[in-house]
Amino acid sequence: ELMRHADVAMYQAKAEGRNSAQFFNAKMTERAQQRLQIESRLRHAIEQDELGLHYQPRVDARTGAMAGAEGLLRWTSADLGVVSPAQYIPIAEETGLIVPIGKWVIEHACAQIALWRQEGLGDIEVSINLSALQLRDSGLVDALEASLRRHAIPNGVLEIEITESALMESVEANLQQLQAIRRLGVGLAIDDFGTGYSSLNYLSRFPLDKLKVDRSFVHDMLDDPTNLAITRAIIGLGHTLGLKVVAEGVETAQEVDILRGADCDEFQGFFFARPMPAHELPAWLAARDADRKVLVQLAG
């Protein structure tokens, strides 16, 4: 029992960022049991068809048209119900389950793009997230190429998002992997920019297409002049590097006005749309187009 408790305390110390000490308490056992339960159910989530992708639109800052959508993983367990990504993503990464789950995401995102094309919606650019562990996977490029070919996805329609911190973990290895992905015609975006410690020298070497401003800067820029200045600087940096800049977490009209004034290219956030199942996107798109036509008529 002592060894089990020590093991639980050790995992808690790791969760706190390592290099720390934790004393065991009963709540840790509850958390450890919950973690084991999530891990056990997650191992069977794919085969039991419990995973799904929800899509959050990105909007062009100048035209108001949909510029694309980010595919976000959702898990509804038969036993646990809806499980928050904040609970299962870290476990998936720790256990290595994120690699097969990531390949599932790639395949289903490509299948959805193909389905939307068949429905006459055109080539909707879809971005999906990639973790540091997935980026190191030797089978990643082959999995991407197979899905792209199977669903006849044109160049530039699928996009991969990598966080700034993941990008900088193994710069040279990541550079080779990203160059191979880019040769497949897949777009590349750096996510949560501003929260890591990337070298601008390294950043300029990566074959990137977009830079996404972390939502923390967008949320705080109205009340904090420093965050406003940082947001404007990030947008300027992105344009200097020849990248499109996307602001995440946009929730108010005031934020839209400030970001548009700072020459941000695209917006993503609850102000425009929450993540939605794939079958709801065509209706949102039709309503969005109708609103834009009314605004154009009023302006005329």
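The notes below deal with the structure included here. (Residues numbered from 1 in each chain as written. Predicted model: local features only at pLDDT ≥ 70, side-chain atom pairs only at ≥ 80, totals over all residues. Heavy atoms only, no water.)

## With respect to the overall build of the chain
1) Next: Assigned secondary structure in the chain consists of 13 helices and ten strands.
2) Next: In terms of C-alpha radius of gyration, the chain reaches 21 Å, essentially the compact-globule figure of 19 Å for 300 residues.
3) Next: When the backbone C-alpha atoms are referred to their principal axes, the chain occupies close to 75 × 45 × 35 Å.
4) Next: Relative to its full complement of 300 residues, the chain shows a buried share of 46%.
5) Next: Carbon together with sulfur atoms contributes 51% to the accessible area of the chain, which is approximately 15,300 Å² in total.
6) Next: Of the side chains in the chain, 29 bear a positive and 42 a negative charge, and the two mean positions are spaced by 2 Å. (Helix = DSSP H or I, 4+ residues; strand = E, 2+ residues; numbered from the N terminus. Rg over C-alpha atoms; globule rule 2.2 N^0.38 Å. Buried < 20%, exposed > 50% of the residue type's maximum accessible area, 1.4 Å probe, protein only. Areas by Shrake-Rupley, 256 points an atom, 1.4 Å probe, with all protein chains shown as cover. Lys, Arg positive; Asp, Glu negative; His and termini not counted. Charge placed at Lys NZ, Arg CZ, Asp CG, Glu CD.)

## Regarding the side chain of Lys-210
1) Next: With respect to the element layout, Lys-210 can be found in strand E7 (residues 210–213).
2) Next: At a separation of 2.7 Å, a polar atom in the side chain of Lys-210 contacts the side chain of Glu-125.
3) Next: With sequence-adjacent residues up to four places away left out, Lys-210 is seen in contact with Arg-58, Glu-125, Glu-159, Leu-188, Ala-189, Ile-190, Leu-243, Lys-244, Val-246 and Glu-266. (Polar contact = N/O pair within 3.5 Å; in protein donor to acceptor, adjacent residues only side chain to side chain. Contact = heavy atoms within 4.5 Å.)

## Quick look at helix H12 (residues 253–261)
1) Next: Within H12 the residues assigned to the buried category are Glu-255, Val-256 and Leu-259. End-on, the buried residues of H12 take up no more than an arc of 100 degrees, which puts them together on one face. Those residues of H12 that are exposed and aimed more than 90 degrees away from the buried face are Asp-257 and Gly-261. (Arc of directions from axis to C-beta.)

## Observations concerning the pattern of salt bridges
1) Next: Within the structure shown, the criterion is met by 18 salt bridges.
2) Next: Asp-79 is paired through a salt bridge with Arg-41; the nearest N and O atoms lie 2.8 Å apart. Highlighted residues: Asp-79 in the loop between strand E2 (66–77) and strand E3 (81–83) and Arg-41 in helix H2 (residues 26–42), separated in sequence by 38 residues.
3) Next: For Arg-41, a relative accessible area of 26% corresponds to the partly exposed category.
4) Next: Note that Asp-265 is salt-bridged to Arg-62, the shortest N-O span being 3.5 Å. Highlighted residues: Asp-265 in the loop between H12 and strand E9 (266–267) and Arg-62 in the loop between strand E1 (51–60) and E2, separated in sequence by 203 residues.
5) Next: For Asp-265, a relative accessible area of 10% corresponds to the buried category.
6) Next: In this structure, a network of salt bridges that share partners links the residues Arg-58, Glu-125, Glu-159, Lys-210, Lys-244 and Glu-266. (Salt bridge = Lys/Arg side-chain N within 4 Å of Asp/Glu carboxyl O.)

## What to know about the pairing of strand E6 (residues 187–193)
1) Next: Burial within E6 is extensive, with six of its seven residues counted as buried.
2) Next: The pairing of strand E5 (residues 158–163) with E6 spans five bridges and is classified as parallel. Residue pairing for E6: Glu-159 is matched across the bridge by Gly-187.
3) Next: The pairing of E6 with E7 spans three bridges and is parallel. Bridge pairing links Ala-189 to Lys-210 in E7. (Pairing = 2+ DSSP bridges.)

## Observations regarding the environment of Pro-225
1) Next: Tracing the backbone shows Pro-225 in helix H11 (residues 225–240).
2) Next: For Pro-225, a relative accessible area of 61% puts it in the exposed group.
3) Next: Along the primary structure Pro-225 and Lys-244 are separated by 19 residues, whereas in three dimensions their C-alpha atoms are 24 Å apart.

## Observations concerning the side chain of Asn-174
1) Next: Positionally, Asn-174 belongs in helix H8 (residues 171–183).
2) Next: Residue classification places Asn-174 among the buried positions, given a relative accessible area of 3%.
3) Next: A polar atom in the side chain of Asn-174 sits 3.0 Å from the backbone oxygen of Leu-167.
4) Next: Beyond its immediate chain neighbours, meaning those up to four positions away, Asn-174 contacts Leu-135, Ala-166, Leu-167, Met-168, Glu-169 and Phe-206.

## Some words on H2
1) Next: Over its 17 residues, H2 extends 25 Å from the first C-alpha to the last, a length consistent with the 24 Å expected when each residue adds 1.5 Å.
2) Next: Those residues of H2 that fall on the buried side of the exposure criterion are Met-28, Ile-38, Glu-39 and Leu-42. Angular distribution of buried residues about the axis of H2 spans 100 degrees; they occupy a single face of the element. Among the exposed residues of H2, those pointing more than 90 degrees away from its buried face are Ala-26, Glu-30, Gln-33 and Leu-36.
3) Next: Where H2 is buried, its residues touch helix H1 (2–15), E2, helix H3 (85–95) and helix H4 (98–118). (Expected span 1.5 Å × (residues − 1).)

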